[in-house]
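An overview of the molecular structure
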Amino acid sequence: MSIINGKQIAQAIKDEIKEEIKKNNLNPSLAVILAGSSPASLVYVRHKKIACEQVGIDFTLYELSEQATKYEILELIEKLNKDKAVHGILVQLPLPDHLNKQIVLKAIDLKKDVDGFHPLNLGKLMLGQKGFVPATPKGIIEIIKQSGYEIFGRHAVVVGRSDIVGKPVAQLLLNEHATVTVCHTKTKDLRAMCKQADILIAAAGKANLIKADMIKTGAIVIDVGINRLENGKLCGDVDFENVKDVAGAITPVPGGVGPMTIAMLMKNVLKATSLV
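To start, this report covers the structure provided alongside it. (Residues numbered from 1 in each chain as written. Predicted model: local features only at pLDDT ≥ 70, side-chain atom pairs only at ≥ 80, totals over all residues. Heavy atoms only, no water.)

1. A word on the sheet that holds strand β11 (residues 249–250)
Spelled out, the test is: Strands were regarded as paired on the criterion that DSSP finds at least two bridges between them. Secondary structure is summarised from DSSP: a helix means a run of H or I of at least four residues, a strand means a run of E of at least two, and numbering begins at the N terminus for each.
Spatial ordering of the open sheet is given by β1-β11-β8-β7-β5-β6, a layout of six strands whose pairing is parallel. Two strands in the sheet have a free side with no partner beyond their single neighbour: β1 (2–3) and β6 (179–183). As paired strands, β1 and β11 are joined by two bridges and run parallel to one another. Among the inter-strand pairings, Ser-2 is bridged to a residue of β11, identified as Ala-249.

See below:
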């Protein structure tokens, strides 16, 4: 069994980004829009700010109130779209309930959509064309590859079908020539489905959903879940302590996919500097 060190892999990627920015005398910039003050969102925004400072990306946070109107946020996005000094625009999700996520994300300039959530970028992903790829799915593929594991021809099972992780990572796995099964809350006999996986991606958002008896011996297990238990501790969607004895390789929570998500966002911002 091998515990995959996402922090280490992500740091190596950030070091490469920092070197490229310095070598080419670039001045990439990321604008983040935050509506409201959700504690979780504030934590995620802080992590992005720290990563930007580490690699040399200018970071600007635009804070809107919880009651911000559609017109306020769309006006701000339009202003940032026109600003040539801004390379990447990211709207921190989730948005307050009264704001339509799809309308807001669609307003971002396709060339500045570093989160990869614009419907046209998602369409390009489906077609296997070049565009921005959502950071977490991109990070999942990268962490598997950088750990030396083969995707080509393997059976990958994705537990979760969200627009942010489940669906995009399933498409990326298909693009890497894996055979892909997507499971969700309506899947019958989840255990049997998971047991077939050479690569298992757990992205359901349910603490310790994946148990040891659901894992094929030697499988690669990538845990995307971040759940806070009653005792305050973080855990993933995988019962790590028991699954690690069955899996061939596994990512921990924290310290697995999370750091890779941030590193891939930095990579997308760097890419955007050549497009704006």
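2. As for helix α2 (residues 39–55)
Convention followed: Under the convention used throughout, the expected extent of a helix is 1.5 Å for every residue step, that is, one less than its residue count. The classification of residues rests on relative accessible area computed with a 1.4 Å probe and restricted to protein chains. Under 20% of the type maximum is buried, over 50% is exposed, and intermediate values are partly exposed. Directions are taken from the helix axis to each C-beta atom, and the arc is the one they span. Throughout, a contact is declared for two residues whenever any of their heavy atoms are within 4.5 Å.
Here α2 spans 25 Å end to end across 17 residues, near enough to the 24 Å set by a 1.5 Å rise per residue. Inspection of α2 places Ser-41, Val-45, Lys-48, Ala-51, Cys-52 and Val-55 among the buried residues, and these make up the whole buried set. Down the axis of α2, the buried set is contained in an arc of 120°. They therefore lie on one face. Pointing more than 90 degrees away from the buried face of α2 are the exposed residues Pro-39 and Glu-53. Check the buried side of α2 and you find it contacts α1 (6–23), β2 (29–35), β3 (58–64), β4 (88–91) and α10 (257–272).

3. A short note on the state of the cysteines
Covalent bonding between the sulfur atoms of two cysteines defines a disulfide. Operational definition: To count as a disulfide, a pair of cysteine sulfur atoms needs to be within 2.5 Å.
Across all of its chains, the model carries zero disulfides by this definition. No disulfide involves Cys-194; its sulfur sits 5.4 Å from that of Cys-183, the nearest cysteine. A residue is classified by how much of its surface remains accessible, and Cys-194, at 1% relative accessible area, is buried. As a non-bridged cysteine, Cys-235 has Cys-194 as the owner of its nearest cysteine sulfur, 16 Å distant.

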